[in-house]
Structure formats: C-alpha cells, structure tokens
Amino acid sequence: MISSARLWRRRPAYSGRWEAARLSPLVLTVLIAGLAFSTPREIAFSRLLPAAPALAAAMWPVLPTVVLGAFCFLLMIVLSFFHTDLGTQYTSAAIIAVTLAAAYGSHVRHQREETLFQVRLVADAVQKVLLRPLPRRIEGIEIESLYLAAQEQARIGGDFYEAIGTPHGVRLLIGDVRGKGLSAVGAASAVISCFREAAYDEPDLRGIVHRLEATVTRHSAAFPVQDQPEHFATALLAEIPHGGDRLLILNCGHPPPLIAHCGKVRILEPALPSPPLNLAALIGDRYWVDIVPFTPGDQLLLYTDGVSETRDPTGRFFPLPDWMRRQDTEHPRELLDRLHADLLRHSGGRLGDDIAALALRHTTAPDREALGTDD
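Residues numbered from 1 in each chain as written. Predicted model: local features only at pLDDT ≥ 70, side-chain atom pairs only at ≥ 80, totals over all residues. Heavy atoms only, no water.

S.K.: For the packing of helix H3 (residues 24-38) against helix H5 (residues 62-82), give the residues involved together with the corresponding values.
M.R.: In a packed pair of helices, the relevant descriptors are the angle between the two axes and the axis-to-axis distance. Interaxial distance between H3 and H5 falls to 11 Å at its minimum, and their mutual angle equals 5°. With respect to H5, the axis of H3 lies roughly parallel. Together, Pro25, Thr29, Ala33, Ala36 and Phe37 of H3 and Leu68, Phe71, Cys72, Leu75, Val78, Leu79 and Phe82 of H5 make up the contact between the two elements. Across the contact of H3 with H5, the residue classes tally to 11 nonpolar, one polar and no charged. (Axes fitted to C-alpha atoms, helices over the stretch in contact; angles between N-to-C directions. Helix = DSSP H or I, 4+ residues; strand = E, 2+ residues; numbered from the N terminus. Parallel < 35°, antiparallel > 145°, perpendicular 65-115°, else oblique. Contact = heavy atoms within 4.5 Å. Nonpolar A, V, L, I, M, F, W, Y, C, P; charged D, E, K, R; others polar.)

This is the structure we're talking about:
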C-alpha cells in the first residue's frame, strides 16, 4: 500500500496554485488569531477557530490536521487569559470535536485517494496494452498518433488505433466503439487484439474486416449492455502495399480520412458504404475497398469523430478540411501537435468526446535501418 507521505508527495501540483491552497488552513488560523487579539471581546472572532482544522481535513493528512487542531485549542486557552468571558469551554469543546471529525475525514479521504491512485496505475497499464506506442516509421511510412480523453482525468476510452508492418504491407486501423466506460474499452480491446492477428494472416482487407465483425459480434453477445443493445463500432482499415504508390481503404461507417496529395487536400469519401462492425447482419456484409494514389511526399490523416465534431462555444464544428489545407508542415508529429492545440483552442479547452488520430507521411524511400536490412 502507498504510505501517507508518498501519497502526499504525489498530489497533483497545478503550477503553484495547489501549493498555495495547501497553506490556506494555516493562513486561516493566523487570520482568526490576529482578529481575535486585535478586536473587542464582544466580536469574539475566536469562535471561528474550529473552521481551521475542518478546512485542513480537505487537503492535509491526519497528523498535520490533528496538530493544527491542537494548536487552535492552545490558542483558545491563551486567548482566555487576555479576554475573560469568551465562552472558552464551549469553543474549546467545539475545536476538539471538529478536530476529531476532521481527522477521521482526512483518513477517509486519504484511503480514497490511495484507491484512486491504484486504479490510475491499472488504467495506465491497460492503456499501454490497448494503445501501445506505435513505431515512428514502418518501411517508408512515417507514423505518429494522438489520443485525447474527453474527461480530464480519464486514461482510456472507446477510441482505438493500430499500425502494423506485415508481409502484405503497412496495415492501419482506427475506430470508435459506440458508448463509453468499461464496456467500450472491452470492445475496443477485442477489436485491436483481433486486428493484430488478422493483419498478418489475411491476404486482403475484406478478410480482416470479416474477422473483426465476428469478434465484435461475439464480444457483444458475451458482454451485453442493458442500455446499449446495438453495441457496434465504426472502423477504417487501410493498407499501403510494399513499395507501392497506392493506398487501399475500407471504411466501415467511419469519418473519411484526409489526404494531402500534390499540394491539394482531398476528403476520401468511400465510393460505396460499408456497414459498421456488428451491423452487417442488419444492413448487409458487402464491403468496398477504395484505391487512391499515395506517392512520396503525400500525407494522410486518420481520425475519429471526436475531431470533426469538436464544437466551439457557439456550436460550430471544427473545420477539419479547411484546417488541413492551411497546414504546411511535412512532419506528422508537428501536424498532430498543431491539431491538438487548435482543437483545444476551438473548444475552449473542453472536449466533448474522446479523440484519436493518426498522421502518416510517405517518404521517398524505405528506411533500411528500420527494416533491419543491409545493402
């Protein structure tokens, strides 16, 4: 278990604001004491002394809270020598009672923070498995990723992505499970695990999507959600063949990617719609693969609907295609860093949904060192 001192050190420091806030119980004690000594007895500011240990319980460990309560008790005794008829016995009793309650409250808060810290450690480990760091380059393709949780303290969600170098070329997956919480995380984990196996085995994208469809269907049947009977996921699969100058895309109800080709930005809408995962039984299992040029120097942006549906305070969506046309960077990392900053600026710092994005750039030639080959 985590000790009180260790947890105390791990409290988040929001610049200097948290450190200043931790001193507020002591500042309140000094302020009350100063007013009690400098004002007439009739005002009796000393009766506010129990507020100091009560405030300390919200941010201090048990022992400092008890010490502050004891100091307030002694301070009340000292005040009684300077001002008689202060009701010292009643205020002292209130200080003792509040200090004991504050110590218990501090103990309960500490236990909850310790539990939350352990949960976050587990969540971080799960995220590293679910959204493991991608290689920065596969053959001649530079790849960078972005993930933003809608909730400030969240670690994982229903958005997912993966990029793998396979015998068939570089294969990519990005998607979004409908819903939030552990059920969405479980479905996303099932899809990614299936993709990591199928990407190596299946000769084409249709074979992969059939296996993903079966996986989501089985997962939904094994772990039903009462308020979400239509458990499904949108997904986009892409393949860049070895040494090729083309891009194969199979879009299962997912937002269309953007490609910067020959200085122009194009929205890659599917020629024919393909059903989202776990909806093939309702609307058919016909899958369409689009083929577009992808030559050296081209950039590709894959994203979830949290990007395109980010709203500003007036309700206006983030203008992703126009934003992409204004970008002149050649590096995927810089592109995603700008996207991150502009999304937060557009939304006023409050995201309404989880966000995932992949940025790729076709370089002039494969990196032999990354491939592990020699001339």
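Picking up where we left off.
S.K.: Explain the sheet that holds strand S8 (residues 264-267) to me, using residue names and the numbers behind them.
M.R.: With respect to topology, six strands assemble into an open sheet ordered S1-S2-S11-S10-S7-S8, the strand pairing being antiparallel. In the strand order of this sheet, the two ends are held by strand S1 (137-138) and S8, each with one partner. Relative to S8, strand S7 (residues 258-261) runs antiparallel, the two sharing four bridges. Residue pairing across strands places His261 opposite Lys264, the latter belonging to S8. Of the strands in this sheet, strand S2 (141-148), strand S10 (299-303) and strand S11 (355-362) touch helix H12 (residues 332-347), which is tilted by about 20° from S2. (Pairing = 2+ DSSP bridges.)

S.K.: I'd like a description of the packing of aromatic side chains, backed by residues and values.
M.R.: By the definition in use, this model includes one aromatic pair. Consider the rings of Phe318 and Trp323, whose centres lie 6.2 Å apart with planes at 50°: the pair is tilted. Residue classification places Phe318 among the buried residues on the basis of a relative accessible area of 7%. (Phe/Tyr/Trp six-rings, centres within 6.5 Å; stacked < 30°, edge-to-face > 60°. Buried < 20%, exposed > 50% of the residue type's maximum accessible area, 1.4 Å probe, protein only.)

S.K.: Let's hear about the environment of Pro133: which residues, and what values?
M.R.: Inspection of the secondary structure assignment puts Pro133 in the loop between helix H6 (88-130) and S1. Spatially, the C-alpha atom of Pro133 lies 9.1 Å from that of Glu162, the residues being 29 residues apart in sequence.

S.K.: Explain the side chain of Asp298 to me, using residue names and the numbers behind them.
M.R.: Summarising the element assignment, Asp298 is placed in the loop between strand S9 (289-293) and S10. Arg266 provides the closest opposite charge to the buried, salt-bridge-free Asp298, at an N-O distance of 9.0 Å. Polar contacts involving the side chain of Asp298 include one to the main-chain amide nitrogen of Thr295, which spans 2.9 Å. Residues within four places of Asp298 in sequence aside, it is in contact with Ala260, His261, Cys262, Pro293, Leu360, Arg361 and His362. (Lys, Arg positive; Asp, Glu negative; His and termini not counted. Salt bridge = Lys/Arg side-chain N within 4 Å of Asp/Glu carboxyl O. Polar contact = N/O pair within 3.5 Å; in protein donor to acceptor, adjacent residues only side chain to side chain.)

S.K.: Before we move on, could you go through H12 and cite the residues and values that matter?
M.R.: Since there are 3.6 residues in each turn of an α-helix, residues three or four apart along the chain are aligned in direction. Under the 1.5 Å per step criterion, the end-to-end length of H12 is 22 Å for 16 residues, consistent within 8% with the ideal 22 Å. Three or more residues of H12 are buried, namely Pro332, Leu335, Leu336, Leu339, Asp342, Leu343, His346 and Ser347. Along the long axis of H12, the arc covered by the buried residues comes to 130°, so they all point the same way. Here the buried face of H12 lies against S2, S10, helix H10 (305-308), helix H11 (320-325) and S11. Following H12 by one or two positions, Gly348 has its phi on the positive side, about 70°. (Expected span 1.5 Å × (residues − 1). Arc of directions from axis to C-beta.)

In short, shape yes, function no, at least from these values alone.
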